[in-house]
Number of protein chains: 4
Amino acid sequence: MGLAIDSRLTKFGGMSNTFGEYLRITTWGESHGPGIGVVIDGLPAGLPVTPQLLQRQLKRRRPGGALSSPRREPDEPQILSGVFEGRTLGTPLSIYIESSDVRSQDYESLADIYRPGHADFTTEARYGHRDPRGGGRASARETAARVAAGAIAAEFLRLEHGIEIVGWVSEVAGVRAPVDIDQLTVENVDQSLIRCPDAETSARFEAEIAQARDEGESLGGWVGVVARGVPAGWGDPVFGKMKAWLGLAMLSIPATVALEIGDGIAATERTGSDNNDAYDTNEEGVVIQRTNRSGGLQGGITSGAPIWMRVGFKPTSTIRKSQESVKKSGEVTTFSGTGRHDPCVLPRAVPIVESMLALVLADRLLARRAIPPFEGK
Amino acid sequence: MGLAIDSRLTKFGGMSNTFGEYLRITTWGESHGPGIGVVIDGLPAGLPVTPQLLQRQLKRRRPGGALSSPRREPDEPQILSGVFEGRTLGTPLSIYIESSDVRSQDYESLADIYRPGHADFTTEARYGHRDPRGGGRASARETAARVAAGAIAAEFLRLEHGIEIVGWVSEVAGVRAPVDIDQLTVENVDQSLIRCPDAETSARFEAEIAQARDEGESLGGWVGVVARGVPAGWGDPVFGKMKAWLGLAMLSIPATVALEIGDGIAATERTGSDNNDAYDTNEEGVVIQRTNRSGGLQGGITSGAPIWMRVGFKPTSTIRKSQESVKKSGEVTTFSGTGRHDPCVLPRAVPIVESMLALVLADRLLARRAIPPFEGK
Amino acid sequence: MGLAIDSRLTKFGGMSNTFGEYLRITTWGESHGPGIGVVIDGLPAGLPVTPQLLQRQLKRRRPGGALSSPRREPDEPQILSGVFEGRTLGTPLSIYIESSDVRSQDYESLADIYRPGHADFTTEARYGHRDPRGGGRASARETAARVAAGAIAAEFLRLEHGIEIVGWVSEVAGVRAPVDIDQLTVENVDQSLIRCPDAETSARFEAEIAQARDEGESLGGWVGVVARGVPAGWGDPVFGKMKAWLGLAMLSIPATVALEIGDGIAATERTGSDNNDAYDTNEEGVVIQRTNRSGGLQGGITSGAPIWMRVGFKPTSTIRKSQESVKKSGEVTTFSGTGRHDPCVLPRAVPIVESMLALVLADRLLARRAIPPFEGK
Amino acid sequence: MGLAIDSRLTKFGGMSNTFGEYLRITTWGESHGPGIGVVIDGLPAGLPVTPQLLQRQLKRRRPGGALSSPRREPDEPQILSGVFEGRTLGTPLSIYIESSDVRSQDYESLADIYRPGHADFTTEARYGHRDPRGGGRASARETAARVAAGAIAAEFLRLEHGIEIVGWVSEVAGVRAPVDIDQLTVENVDQSLIRCPDAETSARFEAEIAQARDEGESLGGWVGVVARGVPAGWGDPVFGKMKAWLGLAMLSIPATVALEIGDGIAATERTGSDNNDAYDTNEEGVVIQRTNRSGGLQGGITSGAPIWMRVGFKPTSTIRKSQESVKKSGEVTTFSGTGRHDPCVLPRAVPIVESMLALVLADRLLARRAIPPFEGK
């Protein structure tokens, strides 16, 4: 049973590159390979999709600006299948994004070091080796594929239900920006270099991040996201709860460490009568929530109120400041990050969080379609 | 296309009753039906499993005690397949738990009211109707099936790798108990009626919960959980990250509203150099983390340090205090909860959180077995 | 990594007990355990389901009659969840069938022998051991769970679309019964002890099977099945073709060895102009096929013509006639089957084939609902 | 609920573009789009993979030769991810094949006609419209992506277990070629233009096909395939049987209409004692089958004997001969195929059948790894 075979032939792999149940995306591509891509299966037909739709959102994720990594990626998405004359065909939609600014030499000196906070050591523990050219699949570069797919999911939600999804930088270094989730727009958010829609807080965040950058440090914080216009009745019981899918989606983003649905963290300190969102009816007789502490979800199913949540990110692991670590050999060493990294990932994380929310919502929309509501009596 | 058919024949359903990729559980049963159960597929053979193993953990989830719901469920699990002479066969293991104390009349007066914080309204929005006998699948009763399955998963992890999983009540009403996650045992935890291992804080929690009960109120808080002994290298890149699976698992538990991996919430306020867990080697030359702010995960893959996290629960939605809500008719009404409910679910949530962690870990153990580490050079 | 653990603790399992994508059944239970069962997830709500509906079809699968195994199983199905007042709730439907006539001693003398044509040797090669009490999961007893689930799927199809599914014994020992698939009914089929609707051929089959039984031999043959009333447009491209799902479904039945879609075997010998089913329109202007050589499928998608196919079964592996084989020790031995076995499984296979067809059709019906046809222009 | 939206926005899609449980391929691309591709997830790392490996097999599928379609596709596969320095990384492997000879005008005159035997009408019934440029996803062009993936799966099987997979044209127009499945090689097969390894029968097939071509007709037949070297114990019980997976795989190939496992069709006419493969032991004490009527499978699990089966194809639906059909308008019309089509698809189907067998075997190899055999006592 088995021949003498090449000793480098081995046995690992991974099936973890697909997300979604009804609307499924499969992302591929290493951080320093020729390009990355995504195949989207289960998309409705007839949906207008253009490279421009993708580019608009990809541009928001792209590195650039005084406060982000100097890596330059034009991120020109090519649509290779699934679209004919600007409309989806209902067949798998394949997107390819060529990588142009790949300088793997930046990383070479670190190939031997287990960088703190990175997946270097754990990837080797998992797979026995890692792509020596960079972060491989653990790199944030993979998220560009999610953003391309998410742009299509968001357009689907917008056209079908008028759903608007807006993310923002909510908190940096313990300071939280005041935001009106019922009114917030992408335009409000993008007026700020840092994607914080409150001008005063935005200025404060900018200053904090600039200082961290100058000190060779990094900062974390919270990204908020809201979806307005989602009808009541999306999400499924037990393991298909909307909040459970959001947990899976958001915690699959690199550097995420916490999340709350609505203002869940505050809810843990309230009493029941202070926390429950009372129901009422509006002028049209539609059942509404008077408040929205729950983030628009009850029992994991949407109530018609805006869905909102916050996702916590740790500070960027790579910093210029000297840190101690160990080499593969076990030898303790010190090193400083010299690659192209953001002192704070939050501004670029905004479109990623929006994309994962759009993908979850579109998936649950299709789930509800498969299994429509009771119409009998 | 279609005959004239009975008008009650309708079109909804749901595929959301299965959890796991390699080790899969499918739970079934309504809160007020004849019983509930779970089918476990993908279990290793040869594993010692007895009804007693299940009962020990089920007993910890069971209502009872001065501070919990007076509903009585003996919860005697019957193993109907998959075990022969006390060992698993590798075939599907089917567990049945008969329901004995089902008083659906308790709920009947509420059949017309959308209770705040409950899934009544959203379930109707999703499915057009709901089980008039009680919470149906949204009831916490469903979690007994998860606890039975989780007990087996935990035993598998214990026997294969000596893994210990311990949950505890970490925080009530904003007060956090000091806990040493490296030493904590189930025995420490179960000495406290409230499952808080710190005696002083436990007494304080008890007093708070007793007061809430007396006032017709409810409280939320945080459950902590730790798994010690998980080897480095479990979890998968991209969408198969250990933290992503934990997000899905924990947020599928009723009443959960937030979570943090390690002390993720605090991490959002730290700088990179304060937050990174430095690597070192121990006396045996094994790579270790000097600190464990990350909860034992880097890049979503285990590092060998204890995995730990906290899960936030909202206060119980049902309270005796009078609340306003609306009826199906749209009419505004007031009502008071009279059913059998806990003023604080946290003590009973501890084995549920432990079970979901065990199920995720066992699933990722099998994932790693399918795809073992690189052995070449 | 790992403790010294009990040497019987081992590492196999299996995830192969679930069938279907949108409508999913998970079967459980060993042939000689306390009972078997099935959990059905994804079912529409409001569907009328009673134990009688299941029993009617289970009775047709049950051993009995001069030409079948003398094993007696009352097969009383209990519905443990998912149904309230005779209608499905849309929650998982759990069915339990207790086993009453389990005589495992019948099998004990064979525990050491690899019976030809059985899964004894291959199960040991797969899993290292096997359930010593009987066929375990490879036993035809498992198919009772499929028949219970299939009865519900068939009722769903009947009520929603007036679909009729009829199976029959088509061929024994190379002789084929003439059958009019457009008119055939279950009543026609069940008039025959052997489930062959053509009286003359039925008598011939009975004689052949009786002779095989008397000689300690067994016979195989073909079961045909037709579904009338399936609308055009069910089935999906590429890997979701209706014929591909039928291949998976039918070849998962024990003893199946061949299948043809429509009269596929004859089609392999025709020319294109002789084989293509010409399209035409009927009086109502609906597109129809003039002929139905293709079994109602074009490109793996239904055309509106009856779906029909035939499934080939090998002769029952267990025979009274003495056969040579080897023991576990490698020693060559002779033995004769003495258990309770059918000389020809075809009559009892009819409801199993019908059930798998019903499950596939109901699954594809839900698939089409999830993803409805183009309505734009 | 919903805005006034563009009337072309619609609601179909499809999730049917992924195959496999552990080793999963997702194919994409329309027949007349810019190219096609496949993403392979779950592949072992360290496997040597080059574009040449893929090209060798793609070349065998490619149109060309006097007896096949004059469509020319260089089919140069580009590997866009998952491979570094000629070895797989264990990350998703993305393959792109640009389409160069796309003449969609060939098809335009047929856009209104439902061609008999094609998916034109049924695709419209399923989706409401179809890609006007050609066969879309139903086109055989999609199978090039499977062949690229299958070449990698076959290499994996060859290197790990020395498994050899050989397909051949077994039967045309009712005449069957004698073949020794224990000795047959790809070289034997490819000596024949028609891929029939028996020289005399090959000549006869060539003559038959040439005559069909000259008469504007087409022929079907059977492709055989054998895998030698597969160890005993692959495949899983119940719905994971090897034969069930083969049914799904083979009947997902365009134009397939029948299949038999081993000589399953003949088995339906034998008695049990004539059909059972007796077990014996060889000189090394290994359990073997004396005969191999069962195609190397017992209970759906491999026995160690060669796996073999035959797949039946209908005659090519497109023929030059004039046929009657209907237009979208319902009007009856006559037409003749003028596109680039093969009078007999069998020679080109050989590598497709081999590829699907390789993909099924590699998937079951990984399944067995996830869940290794019992090692206790």
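Our structure's up above, just so we're on the same page.
No experiment lies behind these values; they were computed from the predicted model shown. (Residues numbered from 1 in each chain as written. Chains lettered and ligands numbered in written order. Predicted model: local features only at pLDDT ≥ 70, side-chain atom pairs only at ≥ 80, totals over all residues. Heavy atoms only, no water.)

## Thoughts on the overall build of chain A
Part 1 of the reasoning: Broken down by element type, chain A carries ten helices and 19 strands.
Part 2 of the reasoning: Each of the 377 residues in chain A was classed as buried or not, and the buried ones make up 69%.
Part 3 of the reasoning: Within chain A, counting contacts between residues at least 6 apart in sequence, those at least 24 apart form 71% of the total.
Part 4 of the reasoning: Surface summary for chain A: the accessible area is close to 11700 Å², and the carbon and sulfur share equals 48%. (Helix = DSSP H or I, 4+ residues; strand = E, 2+ residues; numbered from the N terminus. Buried < 20%, exposed > 50% of the residue type's maximum accessible area, 1.4 Å probe, protein only. Contact = heavy atoms within 4.5 Å. Areas by Shrake-Rupley, 256 points an atom, 1.4 Å probe, with all protein chains shown as cover.)

## Some words on the pairing of strand 17 (residues 307-313) of chain A
All names here are of chain A.
Part 1 of the reasoning: The buried fraction of strand 17 amounts to seven of the seven residues, a majority that puts the element mostly inside the structure.
Part 2 of the reasoning: Neither face of strand 17 is exposed, since Ile-307, Met-309, Val-311 and Phe-313 on one face and Trp-308, Arg-310 and Gly-312 on the opposite face are all buried.
Part 3 of the reasoning: Pairing of strand 11 (residues 221-228) with strand 17, which is carried by seven bridges, proceeds in the antiparallel orientation. Looking at the pairing, Ala-227 lines up with Ile-307 of strand 17.
Part 4 of the reasoning: By the bridge criterion, five bridges tie strand 12 (residues 256-261) to strand 17 in an arrangement that is antiparallel. Counterpart to Ala-258 in the pairing with strand 17 is Gly-312. (Pairing = 2+ DSSP bridges.)

## Some remarks on the interface of chain B and chain A
Part 1 of the reasoning: In this assembly, 114 residues from chain B lie in contact with 114 residues from chain A.
Part 2 of the reasoning: Here Arg-290 of chain A makes a salt bridge to Glu-324 of chain B, at a shortest N to O gap of 2.8 Å.
Part 3 of the reasoning: For the pair chain B and chain A, the interface holds 38 residue pairs in polar contact (both at pLDDT 80 or more).
Part 4 of the reasoning: The residue makeup of the side of chain B that touches chain A, split by class, is 46 nonpolar, 43 polar and 25 charged. (Salt bridge = Lys/Arg side-chain N within 4 Å of Asp/Glu carboxyl O. Polar contact = N/O pair within 3.5 Å; in protein donor to acceptor, adjacent residues only side chain to side chain. Nonpolar A, V, L, I, M, F, W, Y, C, P; charged D, E, K, R; others polar.)

## As for the environment of Phe-156 of chain D
Residue and element names in this part refer to chain D.
Part 1 of the reasoning: Structurally, the position occupied by Phe-156 is in helix 4 (residues 143-161).
Part 2 of the reasoning: Looking at Phe-156, the relative accessible area reads 0%, which means it is buried.
Part 3 of the reasoning: Leave out the neighbours within four places in its chain, and Phe-156 touches Pro-44, Leu-47, Ala-362, Leu-365, Leu-366 and Arg-369.

## Regarding the relation of the copies chain B and chain A
Part 1 of the reasoning: Rotating chain B by 180° and translating it 0.0 Å along the rotation axis places it on chain A, where the RMSD comes to 0.0 Å. Here the two chains are linked by the operation of a two-fold rotation axis.
Part 2 of the reasoning: When the interface residues of chain B are mapped onto chain A, 100% of them are again interface residues, pointing to one common binding face. (Least-squares fit on C-alpha atoms with pLDDT ≥ 70 in both.)

## Things to note about the packing of aromatic side chains
Part 1 of the reasoning: Counting across every chain of the model gives 26 aromatic pairs over all chains.
Part 2 of the reasoning: Summarising the aromatic geometry, the rings of Tyr-279 of chain A and Tyr-114 of chain B are spaced 6.4 Å apart at their centres and angled 65° between planes, so their arrangement reads as edge-to-face. On the criterion of chain membership, the pair formed by Tyr-279 of chain A in strand 13 (residues 279-281) and Tyr-114 of chain B in the loop between helix 2 (105-108) and helix 3 (120-127) is interchain, its members lying in two chains.
Part 3 of the reasoning: According to the relative accessible area criterion, Tyr-279 of chain A is buried, its value standing at 1%.
Part 4 of the reasoning: Accessibility expressed as a relative area gives 7% for Tyr-114 of chain B, which makes it buried. (Phe/Tyr/Trp six-rings, centres within 6.5 Å; stacked < 30°, edge-to-face > 60°.)

## A few points about unusual backbone geometry
Residues and elements named next belong to chain B.
Part 1 of the reasoning: Notably, Val-238 is not glycine yet its phi reads approximately 55°, a positive angle.
Part 2 of the reasoning: Here Val-238 shows up in the loop between strand 10 (221-228) and helix 7 (242-250).
Part 3 of the reasoning: What makes Val-238 buried here is its relative accessible area of 1%.

## What about the side chain of Lys-241 of chain D?
Part 1 of the reasoning: For Lys-241 of chain D, the location among the structural elements is in the loop between strand 10 (221-228) and helix 7 (242-250).
Part 2 of the reasoning: The buried charged residue Lys-241 of chain D lacks any salt bridge partner; its closest oppositely charged side chain belongs to Glu-142 of chain C, at an N-O distance of 5.8 Å.
Part 3 of the reasoning: Polar contacts involving the side chain of Lys-241 of chain D include one to the main-chain carbonyl oxygen of Ser-252 of chain C, which spans 2.8 Å.
Part 4 of the reasoning: Not counting residues within four places of it along the chain, the set of residues in contact with Lys-241 of chain D comprises Arg-146, Leu-251, Ser-252 and Pro-254 of chain C together with Asp-236, Gly-299 and Gly-300 of chain D. (Lys, Arg positive; Asp, Glu negative; His and termini not counted.)

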